[in-house]
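# Commentary on secondary and tertiary structure
Below, each chain spelled out in residue letters.
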Amino acid sequence: TTLFRSVLSTGSNRGKVLVWDALGNGGDVHIWDPTANTFATAANSISNIFCSGHCVLPDGRVFVAGGHISSHEGLADANIFDPATGTWLSRAQMSRSRWYPTATTLPDGRVLVTAGEDGCSGCNVELPEVYNPASNTWTALSSALLDIPFYPHMFVLPGGQVLAASATEGIMVTHLLDVATQTWAVVDPVALDGGSA
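Report on the accompanying structure. (Residues numbered from 1 in each chain as written. Predicted model: local features only at pLDDT ≥ 70, side-chain atom pairs only at ≥ 80, totals over all residues. Heavy atoms only, no water.)

### Things to note about the state of the cysteines
By definition, a disulfide links the sulfur atoms of two cysteine residues through a covalent bond. Considering all chains together, one arrives at one disulfide under this definition. In this model Cys120 forms its disulfide with Cys123; the gap between the sulfur atoms is 1.7 Å. Since a negative S-S torsion denotes a left-handed disulfide, the Cys120-Cys123 link at about 65° is right-handed. Residue class for Cys120 comes out partly exposed when judged on its relative accessible area of 30%. Of the cysteine sulfurs around Cys51, a residue in no disulfide, the closest is that of Cys120, at 15 Å. (Disulfide = S-S within 2.5 Å. Buried < 20%, exposed > 50% of the residue type's maximum accessible area, 1.4 Å probe, protein only.)

### Topic: the sheet that holds strand E8 (residues 87-91)
Sheet architecture is open: four strands sit in the order E5-E6-E7-E8, paired in antiparallel fashion. If you trace the sheet from one side to the other, it starts and ends with strand E5 (53-56) and E8, each paired once. Averaged over all adjacent pairs, the angle separating strand axes in this sheet is 20°, with direction ignored. Across four bridges, the pairing between strand E6 (residues 62-65) and strand E7 (residues 78-82) is antiparallel. Bridge pairing in E7 links Val64 to Asn79. (Pairing = 2+ DSSP bridges. Helix = DSSP H or I, 4+ residues; strand = E, 2+ residues; numbered from the N terminus. Axes fitted to C-alpha atoms, helices over the stretch in contact; angles between N-to-C directions.)

### Observations concerning the packing of aromatic side chains
Evaluated as defined, the whole model comprises 11 aromatic pairs. A ring pair is formed by Trp20 and Trp88, whose centres lie 6.5 Å apart and whose planes are at 75°; its orientation type is edge-to-face. One end of the pair, Trp20, is in strand E2 (residues 17-20); the other, Trp88, is in strand E8, and 68 residues separate them in sequence. Comparing Trp20 with Trp88 shows no difference in burial state: the two are buried. Between Trp99 and Phe150, the aromatic rings sit 5.6 Å apart at their centres with planes inclined by 75°, giving edge-to-face as the arrangement. (Phe/Tyr/Trp six-rings, centres within 6.5 Å; stacked < 30°, edge-to-face > 60°.)

### Some thoughts on the sheet that holds strand E12 (residues 137-140)
Sheet architecture is open: four strands sit in the order E9-E10-E11-E12, paired in antiparallel fashion. The sheet is open, and its two edges are formed by strand E9 (102-105) and E12, each paired on a single side. For this sheet the average axis-to-axis angle between neighbouring strands, irrespective of direction, equals 25°. Relative to strand E10 (residues 111-114), E9 runs antiparallel, the two being bridged by four bridges. When the sheet's bridge partners are listed, Thr102 is paired in E10 with Thr114.

### Here's the deal with the nonpolar core
One finds Leu112, Leu141, Leu177, Val179 and Trp184 to be the most contacted residues of the largest nonpolar core, which totals 16 residues. Those elements that provide at least two residues to this core are strand E14 (162-167) and strand E15 (172-178). (Core = buried A, V, L, I, M, F, W, Y, C linked by side-chain atoms within 4.5 Å.)

Laid out in structure tokens, this is it:
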């Protein structure tokens, strides 16, 4: 069983943890209060968000991309959880379905979604997409195609570039993405198994 979690930072849920797991119950979401050691239901009836990527937006809402249909087959869905109201919102869909993508909050508040599988083991989605929460729109970075394993470990650097350090499922070379120019650069040509990054 895989456990997904995001620490909440707004409203009455400040300091609590949003959690979900279970292959067939990806809409079975809870809020854990570590102080009281209690769980409250925050069910997502929109999508099975098991095998999704997620990040926290600058306003404290939790953004979730992709999800689960079956092994290696994901969803194009995007959802936002608002901890202030305890509700889920369906957002515009990505152009590609993704199973285990990575969602990374960019310095300007948009979200970069990379990788994920689409239909079979090793069928990695090469197209990064950027979500704008203000306009509920997606931009495909069609000039930045890159075949990287699912759940890459992505880190925003001080200059705004995004480092793809490694991946959970597979050995890869470390790359740097410039979102504005839609270009990747190899940081180190030595491929490392960095599952613990």
